[in-house]
Amino acid sequence: MLATVRSVFDKVGITVTSLCAIHCIMLPVILPLLPLLGLTASHNHAFERIVLLITMVLGFITLFIGFHRYHRKLYPFYSLFLGGFIYWQKDVWGHEYEHAVLMVGATLVVLAHIMNMRLCNNCNSCEDDH
């Protein structure tokens, strides 16, 4: 049961982080086009922070399940938290670097999930131990 939850959370974490990064990159392109379509929107920083927090909580739960049940490796956590920290601080670097910083942060979060999935899938003795 936990293996299924972990696998689903890893995939959801990868998807949500990737969609958030695509959203942030495409927003400057799409935003000027919205009035032409009769739509209005604003860049909502609170929404971005909430999505990032949800992503980080799901990521932590997923990585903890993999860590506790399977691989006992900490480096996926390092990647998750470093990526989340960089992502959270994207405004500090200035507007001209925002997209590059965002991509680095999102890549580290996705990489944490990929590392976790690979470590869990490569675990040979887990079926006997648990």
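No experiment lies behind these values; they were computed from the predicted model shown.

### As for the overall build of the protein
Helices and strands together make up the secondary structure of the protein, namely five helices and zero strands. For the protein, the sequential pattern of α-helices and β-strands runs α-α-α-α-α. A buried classification covers 38% of the 130 residues belonging to the protein. Once local pairs closer than 6 in sequence are excluded, the contacts in the protein between residues at least 24 apart make up 77%.

### Description of the packing of helix α2 (residues 45–71) against helix α4 (residues 98–121)
Interhelical geometry of α2 versus α4 gives an angle of 20° and a closest axis separation of 10 Å. Taken as axis vectors, α2 and α4 run roughly parallel relative to one another. As for the relative orientation of α2 and α4, their crossing is left-handed in sense. On the side of α2, the interface is formed by Thr55, Met56, Gly59, Thr62, Leu63, Gly66, Phe67, Tyr70 and His71, while α4 contributes Val109, Ala112, His113, Asn116, Leu119 and Cys120. When the residues that make up the contact of α2 with α4 are grouped by side-chain class, the tally is eight nonpolar, seven polar and no charged.

### Quick notes on helix α3 (residues 75–88)
End to end, α3 covers 20 Å across 14 residues, agreeing with the expected 20 Å (1.5 Å per residue, within 8%). Of the positions making up α3, those classed as buried are Pro76, Phe77, Ser79, Leu80, Gly83, Gly84, Ile86 and Tyr87.

### Quick notes on the packing of aromatic side chains
Counting across every chain of the model gives five aromatic pairs. Aromatic side chains phenylalanine 60 and phenylalanine 77 sit 5.7 Å apart centroid to centroid with 55° between the ring planes, which places their arrangement in the tilted category. Of this pair, phenylalanine 60 sits in helix α2 while phenylalanine 77 sits in helix α3; the two residues are 17 residues apart in sequence, bridging distant segments of the chain. Geometrically, the ring pair formed by phenylalanine 77 and phenylalanine 81 is stacked, given 6.5 Å between the ring centres and 15° between the ring planes. With phenylalanine 77 and phenylalanine 81 both in helix α3 and four residues apart, this pair spans about one turn of that helix. Given a relative accessible area of 8%, phenylalanine 77 falls into the buried group. The ring of tryptophan 88 carries arginine 49 above its face, with NZ or CZ at 4.2 Å from the centroid.

### With respect to the environment of isoleucine 22
By the element assignment, isoleucine 22 lies in helix α1 (residues 2–30). Residue class for isoleucine 22 comes out partly exposed when judged on its relative accessible area of 48%. Sequence spacing of isoleucine 22 and methionine 103 is 81 residues, and the spatial spacing of their C-alpha atoms is 9.2 Å.

What counts as what
Residues numbered from 1 in each chain as written. Predicted model: local features only at pLDDT ≥ 70, side-chain atom pairs only at ≥ 80, totals over all residues. Heavy atoms only, no water. Helix = DSSP H or I, 4+ residues; strand = E, 2+ residues; numbered from the N terminus. Buried < 20%, exposed > 50% of the residue type's maximum accessible area, 1.4 Å probe, protein only. Contact = heavy atoms within 4.5 Å. Axes fitted to C-alpha atoms, helices over the stretch in contact; angles between N-to-C directions. Parallel < 35°, antiparallel > 145°, perpendicular 65-115°, else oblique. Left-handed = near helix turned anticlockwise from the far one by under 90°. Nonpolar A, V, L, I, M, F, W, Y, C, P; charged D, E, K, R; others polar. Expected span 1.5 Å × (residues − 1). Phe/Tyr/Trp six-rings, centres within 6.5 Å; stacked < 30°, edge-to-face > 60°. Lys NZ or Arg CZ within 6 Å of the ring centre and 35° of its normal.

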